[in-house]
Structure formats: structure tokens, C-alpha cells
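# Report on the structure
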Amino acid sequence: MSPVRVGRPRHAIRTTVALARASHLFPGTAVTLLTVALALTNGVTTRVSVTLAVAVFAGQLVVGWTNDLFDRSRDIRVGRTDKPLATGELTPHTVAATVGLFGVICVVASMACGVAAGSVHLGLGVGAGLLYNAGVKSTVFSAVPYLVAFGSLPVVVMLAADPSRLPAVWMVVVAALLGVGAHLLNVFPDLDDDEATGVHGLPHRLGRRRIPAAAAVLLLTATAVCVAATSPSWLHWVALGAVLVVIVATARGSGRRPFYGAIVVAGVDAALVIFG
């Protein structure tokens, strides 16, 4: 076997791993799982739920990759070693081609969930994420795409179950609050790098000292709305206490810990919605 043939599989594996690292895989997977859990417990058939999972996951990957594409020059400038596009492990052409492929998958799978659900997912979910990447992230309105994208997920789920069905307003409010809280905590570790490259979104204007408190209020409010809207039992109050513990334990943490704490809170809130 020639060295060229041996090298190709290894190169493909390295590229696949690098693409996974550049895709913001963990939050994308979390959003997909929470969406599918909500779908399966709200009358969406198994077939449509699987299709919805493909649509949401593909959309999350597209948003993640385009984020790194738009930020490539900034990441190179600040020496981000955790970004494959900045280190040269991936080329812009490779990522752009992959975005095109998964963009097609996202559109097809979204519309297979129904025209109404697919249109909302593509327009408000994926569209808001792409607008954020394209420049809204550098403005005072940086939280709006997160508010819109997360708030639209319950709408997508209910429309996938029945094109004439909309979620309760409180479900949209909870999802939107979680989205804004996640935005603040996701940006938190990158404040210095962003400032050095001219990014001045809402988190940067709030500042390092005020972000944890603002995010805590948003996450606690989202959970409180869940508890109030779902015929609270002792289990709901235990969940609210658990959320408070998670927020306190992670809010002052370093790196991505606060963001992971926000994902845990989102999971607890999703459980309250599902079992409430």
C-alpha cells in the first residue's frame, strides 16, 4: 500500500476531528437533545422527532462553523490555539464547503417537519444565529439573536406536532431567558480577546463584574416561571433550589464552567416543562 493511500484516511480523520472542534459541538448537542425531549413529550411523532433532531443539529453545526469562519482573523490575531481555523488545522474552503453541505441538510430536514415548523426554524432559529455571527455580536443588541433563536424552539416543536398549534407564552419566555443567560456566560471567558479585536456586544458593555449577577437573575427567573406555570409540587421547589445551587457554584467559576452551569439549568427547566 502506498504512503499516499495510508495518509488519506489519517488526513480525513484529522479533518473530521478538527471540524467537530470548530462546530461548538457541546452546546449544539445540548440544544438538540433538549428540543427532541420536548418534541417527544408534546405529541410529535417519533419519525418527525428524528427529522427535527437532524434539522436542529445541522443548524447548530452551521451556526457554529460560520461563527469560527467570521472570527478567523480575530482568533489568529489573539493566538487562539483552541480554534482549528486559526491554527491552520482547517482551511476556510473546507469549512465553507462543509457549511454548504450541512446547510442543505438543515433546509431539507427542517421543511420535512412541516412548512410552518421548518420556516420558523430556518428563519428565527438558524437565521438569528447567522445574523449574530455576521456582526450583531459586536453591537449592544448581541443578546437579541439568542433571545429569538432560543425562544423560537418551543414554537418549532409545537408546529411540528400540529401546524395550527402554538406553545404557551410562558414556554417561549423561559426559552428566551435561558438563551440570553447562556449568551452572557458563553462570552464571559472571551471578554479580553473580544475587546482586543473590537467586539463590543452586550456582555462587554455589562463588564466582567456584572455578567454573573445578570445571568443568575435570568436563569433563576426562567426556572421560577417554570415552577409557577406547571402546578408546582415539592419536586418543583427542590428543582428550584438545585438550580440556585448550580448557579452559585458555577457563576464565579473560571473558563466555561458558568456556561456549562447554564446548560444544566436549561436541562432542569426542560425537565420541569416536560414532567410538569
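Attention in this report is confined to the structure presented alongside it. (Residues numbered from 1 in each chain as written. Predicted model: local features only at pLDDT ≥ 70, side-chain atom pairs only at ≥ 80, totals over all residues. Heavy atoms only, no water.)

## Things to note about the nonpolar core
The biggest cluster of nonpolar side chains holds 51 residues, and the ones touching the most others in it are Leu52, Leu178, Leu185 and Leu219. Contributions of two or more residues to this core are made by α2 (25-40), α3 (46-70), α7 (115-134), α8 (143-161), α9 (169-187), α12 (211-229), α13 (234-251) and α14 (257-275). Residues in contact with leucine 178, not counting those within four places in the same chain, are Leu219, Ala222, Val265, Ala266 and Asp269. Counting residues in hydrophobic clusters, the runner-up holds ten residues, among them Leu19, Leu61, Val62 and Leu90. (Core = buried A, V, L, I, M, F, W, Y, C linked by side-chain atoms within 4.5 Å. Buried < 20%, exposed > 50% of the residue type's maximum accessible area, 1.4 Å probe, protein only. Helix = DSSP H or I, 4+ residues; strand = E, 2+ residues; numbered from the N terminus. Contact = heavy atoms within 4.5 Å.)

## Some thoughts on unusual backbone geometry
Glycine aside, the phi torsion of most residues is negative, and most peptide linkages are trans. In this structure, histidine 24 takes a positive phi of about 60° despite not being glycine. Along the chain, histidine 24 falls in the loop between α1 (3-22) and α2.

## Details of the pattern of salt bridges
Evaluation of the coordinates by the stated rule reveals seven salt bridges. The partner of arginine 208 in a salt bridge is aspartate 192, and the shortest N-O contact between them spans 3.4 Å. Placement of arginine 208 in the loop between α11 (202-206) and α12 and of aspartate 192 in helix α10 (residues 191-196) is noted, with a sequence separation of 16 residues between them. Bridged by salt links that share partners, the residues Asp71, Arg74 and Lys137 form one connected network. (Salt bridge = Lys/Arg side-chain N within 4 Å of Asp/Glu carboxyl O.)

## A few points about the state of the cysteines
Applying the stated criterion across every chain, the model contains zero disulfides. The thiol of cysteine 113 is not disulfide-bonded; the next cysteine sulfur, from cysteine 106, is found 9.7 Å away. Taking the relative accessible area as the measure of exposure, cysteine 113 reaches 7% and is therefore buried. (Disulfide = S-S within 2.5 Å.)

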